[in-house]
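# Structural overview for review
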Amino acid sequence: MATEGLAGRVAVVTGGGSGLGAAMAHEYARAGMRVAVLDIDEPRARDVASSLTDLGGEADAVPVDTGDAVSIRDAAARVAERFGACNLLCANVGVQQFGSLDALTDDDWTWVLTVNVLGTVRTVAAFLPALRGTDGWRQIAITASSGVFVPAIRLGAYTTSKSALVGYGDTLRLELAGEDIGVTLIFPAGMMTRHLESSAAARPEGLGASVLRNEDIEAMLASSPETAGDIATAEDAVRGLLPQLVANEPYVITHGGYRDQLAAHRTRVDAAFDRMEQGRAPQA
Ligand SMILES: NC(=O)c1ccc[n+]([C@@H]2O[C@H](COP(=O)([O-])OP(=O)(O)OC[C@H]3O[C@@H](n4cnc5c(N)ncnc54)[C@H](O)[C@@H]3O)[C@@H](O)[C@H]2O)c1
């Protein structure tokens with residue numbers, strides 16, 4: 001299906017109140033889709049939804065905390081009531097917590113894994129009935145990160161969580177293929193968004209404040225100088241995304257110049273195969 005056929009179809013975007021999610025919401029609305037903008041920051045979700053309706057689209061802001069299973073189910077029920085369908089689900093929320101592996105606290109890990117991994121799993125589970133009940137094109141997009149290909153120090157909890165999403169998304173694609181529901185993993189590199197600020201604001205009080213040390217940021221940038229310059233705006237990052245979702249591409253690289261580093265990684269995996277085949281080839 002071409003993107004021209006999208007008018008009137010329903011897109012749901014979590015983390016739609018800011019950054020990549022807000023840029024996605026605008027792209028989808030420009031294609032004529034009706035958009036549910038879900039975010040823990042309700043005023044921002046409302047601002048995005050209003051800007052879409054001001055442009056002549058149909059949109060609704062829906063509060064959700066993707067760190068909370070009940071909140072996700074409530075949001076799915078509200079979207080079902082308002083739109084009665086779901087063609088495109090973008091499970092886009094992700095939170096960031098800098099820190100070296102020996103400094104990250106149990107609360108840090110609990111929060112990052114709960115929101116980024118369980119939050120995504122629960123979001124997909126909550127919206128699957130709507131996807132299954134909708135005719136025509138259906139697609140799930142999961143926001144991972146370039147960090148899974150080119151890990152940097154001090155981002156261990158985040159990179160672990162986004163790597164889990166790759167395993168989850170690749171399995172989900174296999175399991176839903178028979179139902180013609182596609183799955184795309186999106187790998188943005190760095191973007192100029194409110195990610196650190198919005199992450200800190202969304203962290204539950206009971207888990208203590210999110211600690212951000214300049215030293216961690218500097219160490220991360222120094223450890224990964226090639227990717228440090230890969231920064232785009234969210235609007236640039238979503239350019240070209242929608243046609244790839246419509247084409248059910250398994251992976252989308254939004255931007256970034258880390259192709260050589262990824263090739264070097266593949267070379268190391270190949271070398272491991274070579275050693276295995278040379279050292280442990282089955283005896284004739
Ligand atoms: N900014 C980057 O450099 C970068 C790079 C790679 C991947 N990503 C990923 O892109 C996605 C979007 O991030 P962004 O950069 O647009 O950040 P952003 O801060 O601009 O947007 C994230 C939105 O998620 C919302 N949010 C946070 N926790 C939530 C929760 N528990 N429930 C519901 N909403 C919640 C925030 O309120 C915010 O509106 C994330 O998954 C992030 O991990 C970001």
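Positions within a chain are numbered from 1, following the residues in the order the chain's sequence is written. Where local features are concerned, this predicted model is filtered to residues with pLDDT of at least 70; where side-chain atom pairs are given and counted, the filter is 80 or more; whole-chain, interface and lining totals use all residues. To get the side-chain values, take all heavy atoms of the structure and skip hydrogens and water.

### Section: the packing of helix α4 (residues 106–132) against helix α5 (residues 156–176)
Look at α4 against α5: their axes get within 8 Å of each other, and the N-to-C directions meet at 20 degrees. Here α4 lies roughly parallel to α5, going by the angle between them. Crossing handedness for the pair α4 and α5: right-handed. Between α4 and α5, the contacting residues are Trp109, Val112, Leu113, Asn116, Val117, Thr120, Val121, Val124, Leu128 and Arg132 on the first element and Gly156, Ala157, Tyr158, Thr160, Ser161, Lys162, Ala164, Leu165, Tyr168, Leu172 and Leu176 on the second. Each residue receives one of three labels: charged for Asp, Glu, Lys and Arg, nonpolar for Ala, Val, Leu, Ile, Met, Phe, Trp, Tyr, Cys and Pro, and polar for the others, Gly being one of them. Broken down by class, the residue content of the contact of α4 with α5 amounts to 14 nonpolar, 5 polar and 2 charged. In this analysis an axis means a line fitted to C-alpha atoms, helices contributing only their contacting stretch, and an angle means the value between N-to-C directions, from 0 to 180 degrees. Helix and strand labels come from DSSP, where a helix needs a run of H or I of at least four residues and a strand needs a run of E of at least two; each type is numbered from the N terminus. The labels follow the angle: roughly parallel below 35 degrees, roughly antiparallel above 145, roughly perpendicular from 65 to 115, and oblique for the rest. Each crossing is labelled by how the near helix is turned from the far one, with a counterclockwise turn of less than a right angle marking it left-handed and a clockwise turn marking it right-handed. Throughout, a contact is declared for two residues whenever any of their heavy atoms are within 4.5 Å.

### Some points on the sheet that holds strand β1 (residues 10–14)
If you walk across this open sheet you meet the 7 strands as β3-β2-β1-β4-β5-β6-β7, and the pairing is parallel. Lying at the two open borders of the sheet, with one neighbouring strand each, are β3 (59–63) and β7 (251–253). If you compare each strand with its neighbour and ignore which way they point, the axes differ by 15 degrees on average. By this definition, two strands are paired if DSSP reports at least two bridges between them. Of the strand pairs in this sheet, β1 and strand β2 (residues 34–39) are connected by 5 bridges, and their pairing is parallel. For Val13, the partnering residue across the bridge sits in β2 and is Val37. This element, helix α1 (residues 19–30), spans β1, β2, β4 (88–91), β5 (138–143) and β6 (181–187) of the sheet and lies at about 170 degrees to β1.

### Notes on the environment of Thr254
Relative to the assigned elements, Thr254 resides in the loop between β7 and α11 (259–280). Considering only alpha carbons, one finds Thr254 and Ala141, 113 residues apart in sequence, at a separation of 13 Å. Setting aside chain neighbours within four positions, we find Thr254 in contact with Ile186, Phe187, Pro188, Ala189 and Ala237. N or O atoms closer than or at 3.5 Å make up a polar contact, with two conditions inside protein: a donor-capable atom paired with an acceptor-capable one, and, for residues adjacent in sequence, both atoms drawn from side chains. Polar contacts involving the side chain of Thr254 include one to the side chain of His255, which spans 2.7 Å.

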